[in-house]
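Take a look at the letters that make up each chain.
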Amino acid sequence: MEGAVRNLVAKRVLNCMCGAFSDKWFDVSQRCGKAAEALQVPWGSPIRAEQIDARLATGRFDALTVIHNETSTGVMSPLAEIAALKAKYPDVMFIVDCVSSLTAVKVEFDALGIDVVLAGTQKAFALPPGLTVFTCSPAARAKAATAPDRGYYFDFTEFEKNAEQHMTPSTPSIGHVYALASKLEDIFAEGLEARFARHQQLAEATRAWAAGHGFTRFPDAGFESRTLTCVNNGAKPGGRVIDVPKFQKLVKDRGFLIDGGYGKIKGTTFRISNMGDETAATMQTLYAAMDEALRAL
Ligand SMILES: *Cc1c(COP(=O)(O)O)cnc(C)c1O
């Protein structure tokens, strides 16, 4: 996130914000000394192309940041709709965080025509935390080469030069690289389309579990994540409301960790992940534990 900003923002960056991680990117931009502007929508809502279009039309920006799947709110913004703007603003760098979507949801980097996709591998890849993967367009690499203050450790041109020699600018966490190689074998053995379909099915099953227990969803309808479900628990009107910390404890007693809501929606939402290696069978055991916990509340 910091590297993309340091390499690609010369004029002003538009940080599209709809939750804790995308909000953080605005802070990151400012701390990197960049002129940054916030496009803030309420938590639970997605970022829409027309909102970006209205800002980019001012001509003030040479980059924008978007989070594809905002993990804190369970909202997936429509990436294809947003990426289509690139044709209208070819000189603006489109930087996209796919931390909790990459490998679980199709992200066609070349076809979308965007400039950077990045992902920490501890979410949808289901690897231990400690490694980030990214790719960038030829235009992004060319622009990075002109950036005066891109530093050393996040310098895209250093990464490119080193990658040509199968190297990295500094010593990486080699254990993670082996883990990634192994995980990629698993991913391609499953097949990408099958993996995408599995995530879609498990997200739908989790939404059905929530609805079946009287809960509503926190994200705006039609923009729900396919890798996690953010259950509404009083953050928005409607639906059932429970004591989330007590529920979490009862679920934990049965061997599962679920999240009790992130940041300012802690307790008024809770989140159930289906990303990575989860299967219909593993999710069924979680639903059963949550059923028991609800009865014990
Ligand atoms: C978790 C997450 C991050 C931040 O990852 P850290 O490794 O904790 O900095 C960024 N973006 C998204 C969408 C995330 O889910």
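Counting from 1, residues in each chain are numbered in the order their sequence is written. Given that this is a predicted model, residues contribute local features only at a pLDDT of at least 70 and side-chain atom pairs are listed and counted only at 80 or more, while totals for whole chains, interfaces and linings are drawn from all residues. Derived side-chain values reflect all non-hydrogen atoms in the structure, with water molecules and hydrogen atoms excluded from consideration.

### Quick word on the pattern of salt bridges
- The rule for a salt bridge is simple: a side-chain nitrogen of Lys or Arg has to be within 4 Å of a carboxyl oxygen of Asp or Glu. Inspection of every chain in the model, using the stated rule, returns 20 salt bridges.
- Put simply, Glu37 and Arg60 hold a salt bridge, and the shortest N to O gap is 2.5 Å. Placement of the pair is Glu37 in strand 2 (residues 36-40) and Arg60 in the loop between helix 3 (49-56) and strand 3 (63-67), with a sequence separation of 23 residues.
- Between buried and exposed lies partly exposed: a residue is buried under 20% and exposed over 50% of the maximum accessible area for its type, with that area taken using a 1.4 Å probe on protein chains only. Glu37 sits in the buried class, given a relative accessible area of 18%.
- Judged by relative accessible area, Arg60 falls into the partly exposed class, the value being 37%.
- Residue Lys88 is joined to Asp53 by a salt bridge in which the shortest nitrogen-to-oxygen separation is 3.0 Å. Separated by 35 residues along the polypeptide, Lys88 in the loop between helix 4 (79-83) and strand 6 (93-97) and Asp53 in helix 3 bring together distant segments of the chain.
- Its relative accessible area of 52% is what places Lys88 among the exposed residues.
- Look at the salt bridges and you will find they share partners, linking Glu37, Arg55 and Arg60 into a network. We count a stretch as a helix when DSSP gives it H or I for four or more residues in a row; a strand needs E for two or more, and each element gets its number in order from the N terminus.

### Focus: the packing of aromatic side chains
- Aromatic contacts are taken between Phe, Tyr and Trp rings whose centres are within 6.5 Å, Trp giving its six-membered ring; a plane angle under 30 degrees counts as stacked, one over 60 as edge-to-face, and the others as tilted. What the rule picks out here adds up to seven aromatic pairs.
- Relative to Phe156, the ring of Phe134 has its centre 4.9 Å away and its plane inclined at 25°; by these criteria the two rings are stacked. Here Phe134 is found in strand 8 (residues 132-136), whereas its partner Phe156 is found in helix 7 (residues 156-164), with 22 residues between them in sequence.
- Note on Phe134: relative accessible area 31%, which makes it partly exposed.
- The exposure class assigned to Phe156 is buried, which follows from its relative accessible area of 6%.
- Arranged with centres 6.1 Å apart and planes meeting at 20°, the rings of Trp209 and Phe215 form a pair that is stacked. Residues Trp209 and Phe215 agree in their burial class; the two are buried.
- What links up through ring pairs into an aromatic cluster is the set Trp209, Phe215, Phe247 and Phe270.
- Counted as over-ring charges are cases with an Arg CZ or a Lys NZ within 6 Å of the ring centre that also lie within 35 degrees of the ring normal. In this arrangement the basic side chain of Lys123 is found over the ring face of Phe21, its NZ or CZ atom lying 4.7 Å from the centre.

### Focus: the environment of Ile52
- Looking at where Ile52 falls in the secondary structure, it is placed in helix 3.
- Overall, the relative accessible area of 0% leaves Ile52 in the buried class.
- Sequence spacing of Ile52 and Pro237 is 185 residues, and the spatial spacing of their C-alpha atoms is 28 Å.

### Description of the site of the ligand
- For this purpose, a residue is taken to be near a molecule or strand whenever a single non-hydrogen atom of the residue falls within 4 Å of it. As a matter of local geometry, the ligand sits amid Met1, Phe21, Lys24, Ile67, Asn69, Thr71, Asp97, Val99, Gln122 and Lys123.
- Here a polar contact means two N or O atoms within 3.5 Å. Within protein one must be a hydrogen donor candidate and the other an acceptor candidate, and residues neighboring in sequence count only if both atoms are side-chain atoms. In the model, a nitrogen atom of the ligand is placed 2.7 Å from a nitrogen or oxygen of the Asp97 side chain.
- A distance of 2.6 Å separates an oxygen atom of the ligand from a polar side-chain atom of Lys123.

### A short note on the sheet that holds strand 11 (residues 269-273)
- Strand pairing requires that DSSP identify at least two bridges connecting the strands. Overall, antiparallel pairing links the three strands, which are arranged 9-10-11 in an open sheet. Here the strands that pair on one side only, and so sit at the sheet edges, are strand 9 (216-217) and strand 11.
- Of the strand pairs in this sheet, strand 9 and strand 10 (residues 228-232) are connected by two bridges, and their pairing is antiparallel. Its bridge partner lying in strand 10, Thr216 is registered against Asn232.
- In what follows, residue pairs with any heavy atoms lying within 4.5 Å of each other are defined as contacts. With axes taken as lines fitted to C-alpha atoms, and helix axes fitted only over the stretch in contact, angles between N-to-C directions fall between 0 and 180 degrees. Of the strands in this sheet, strand 9, strand 10 and strand 11 touch helix 9 (residues 192-212), which is tilted by about 15° from strand 10.

By themselves, these are just geometric observations and shouldn't be taken as functional.
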